[in-house]
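Okay, here's what each chain looks like letter by letter:
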Amino acid sequence: MIPILFFLFAAVAIASGIMMIVHRNPIYCALFLILTLFAVAGLFVLLNAPFIAAVHIIVYAGAIMVLFLFVIMLLDLKSETSRQRPGGLLRILSIVVSGVLFAELVLFLRSGTTNPPLVEGDLKIGSTKEIGNLLFTEYLLPFEITSVLLLSAIIGSVILAKLKLK
Amino acid sequence: MPISYYLLLSGILFTIGVVGVLTRRNAIVIFMSIELMLNAVNLTLVAFSKQFNALDGQIFVFFVMVVAAAEVAVGLALIVAIFRLKETVSIDKINILKW
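What you see is a predicted model, and the numbers here were worked out from it, not measured in a lab.

For the rest of this paragraph, the subject is the overall build of chain B. A tally of helices and strands in chain B yields three helices and zero strands. Computed over C-alpha atoms, the radius of gyration of chain B comes to 17 Å, more than 25% over the 13 Å expected from 2.2 N^0.38 for 99 residues, which places it beyond the range of a compact globule. By principal-axis analysis of the C-alpha atoms, chain B measures approximately 50 × 25 × 20 Å. For chain B, buried positions account for 61% of its 99 residues. Long-range contacts, defined here as pairs at least 24 residues apart, represent 54% of the contacts in chain B between residues at least 6 apart. Carbon and sulfur atoms form 73% of the exposed surface of chain B, whose accessible area is close to 3,700 Å². Charge-centre separation for chain B: the mean point of 7 positive side chains lies 9 Å from the mean point of 5 negative side chains.

This part takes up the interface of chain B and chain A. The interface of chain B with chain A comprises 69 residues on the first partner and 81 residues on the second. Summed over both sides, the interface of chain B with chain A buries roughly 7,000 Å², with 78% coming from carbon and sulfur. In terms of surface lost to chain A, no three residues of chain B exceed Met 1, Met 32 and Lys 50 of chain B, which account for 10% of the buried area on that side. Put simply, chain B and chain A have zero salt bridges between them. Summed over the shared surface of chain B and chain A, the result is five residue pairs in polar contact (both at pLDDT 80 or more). At the level of elements, helix H1 (3-23), helix H2 (27-51) and helix H3 (56-86) of chain B are the ones that each hand at least two residues to the side of chain B that touches chain A.

Moving on to the side chain of Thr 44 of chain B. Residue and element names in this part refer to chain B. Its place among the elements puts Thr 44 in helix H2. In this structure the side chain of Thr 44 is engaged in a polar contact, spanning 2.7 Å, whose partner is the side chain of Ser 10. Beyond its immediate stretch of four places on either side in the chain, Thr 44 contacts Leu 7 and Ser 10.

What follows covers the confidence of the model for chain B. Residues and elements named next belong to chain B. The share of residues in chain B with pLDDT of 70 or more is 98%, and the mean pLDDT across the chain is 87. Element-level mean pLDDT values for chain B span from 88 in H1 up to 91 in H2. Reported confidence for the predicted complex is 0.89 by ipTM and 0.87 by pTM.

Under the definition given, this model contains 11 aromatic pairs over all chains. With centroids separated by 5.0 Å and ring planes inclined at 75°, the aromatic side chains of Phe 136 of chain A and Phe 143 of chain A adopt a geometry described as edge-to-face. On the basis of relative accessible area, Phe 136 of chain A is assigned to the partly exposed category, the value being 48%. A ring pair is formed by Tyr 139 of chain A and Phe 60 of chain B, whose centres lie 6.1 Å apart and whose planes are at 85°; its orientation type is edge-to-face. Highlighted residues: Tyr 139 of chain A in the loop between helix H5 (128-135) and helix H6 (140-162) and Phe 60 of chain B in helix H3, drawn from two different chains. A residue is classified by how much of its surface remains accessible, and Tyr 139 of chain A, at 12% relative accessible area, is buried. A residue is classified by how much of its surface remains accessible, and Phe 60 of chain B, at 40% relative accessible area, is partly exposed.

Moving on to H5 of chain A. Looking at H5 of chain A, one finds that the buried residues are Ile 131, Leu 134 and Leu 135 of chain A. Projected down its long axis, H5 of chain A shows its buried positions confined to an angular sector of 100°, all on one face. Considering only its buried residues, H5 of chain A is in contact with helix H3 (50-75) and H6 of chain A together with H3 of chain B.

Cut-offs applied
Residues numbered from 1 in each chain as written. Chains lettered and ligands numbered in written order. Predicted model: local features only at pLDDT ≥ 70, side-chain atom pairs only at ≥ 80, totals over all residues. Heavy atoms only, no water. Helix = DSSP H or I, 4+ residues; strand = E, 2+ residues; numbered from the N terminus. Rg over C-alpha atoms; globule rule 2.2 N^0.38 Å. Buried < 20%, exposed > 50% of the residue type's maximum accessible area, 1.4 Å probe, protein only. Contact = heavy atoms within 4.5 Å. Areas by Shrake-Rupley, 256 points an atom, 1.4 Å probe, with all protein chains shown as cover. Lys, Arg positive; Asp, Glu negative; His and termini not counted. Charge placed at Lys NZ, Arg CZ, Asp CG, Glu CD. Buried area = accessible area lost by both parts, 1.4 Å probe. Salt bridge = Lys/Arg side-chain N within 4 Å of Asp/Glu carboxyl O. Polar contact = N/O pair within 3.5 Å; in protein donor to acceptor, adjacent residues only side chain to side chain. pLDDT = per-residue confidence, 0-100. Phe/Tyr/Trp six-rings, centres within 6.5 Å; stacked < 30°, edge-to-face > 60°. Arc of directions from axis to C-beta.

Printed below as a string of structure tokens:
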């Protein structure tokens, strides 16, 4: 059952990811990215991380993608939807770079000495309680620093939005 | 299910994100590709978290999400500011930092 679900989610994620980078309309790109994010959330559930999956859907599909769609609508990018592709050298370079990157990843995986199946660990391990326990004891300082980061991001966004240009 | 399946999927998604960043000219779509790369890394972290039966990977995913949210807020504010200045989000026409 789990392998079938894995291949289903993987196929959806890869297909919609490719559709995202080839579609010329940014709104469809955003919608395909949401589909990819949902597929990845499904994989998180398969990997025994329900809290991460829920936060993933709430934060990414719920908040970040709404922000993306809002900005796309706000900017009225109709004139931007025409085919825009980089010219010869940059296109060749991008294909070479991504090909080398992917070849490296595959070679690295094939070079592994052992390839054990995923351990069937403790089923409680992905729960909200466990993550909260760890987050508020061992990772308390990084957690507090994220609050400062978010505050500075809010202030920066507000200043950028209120900026008088020229 | 060996962990290499998840790592391979994560590599494919990361490569798709790299191709998007390198080939698209629209700044917003480039941002989305960066989100895709962050997601690929999150998948790796959760897979290793399960493999080693330790929660630290999932905590890192949490922090990656926080940083991604902050980055998107500031980045989209920048894109809106640039659009107000230059009337475009195509990175070929945004060359104000060019030497």
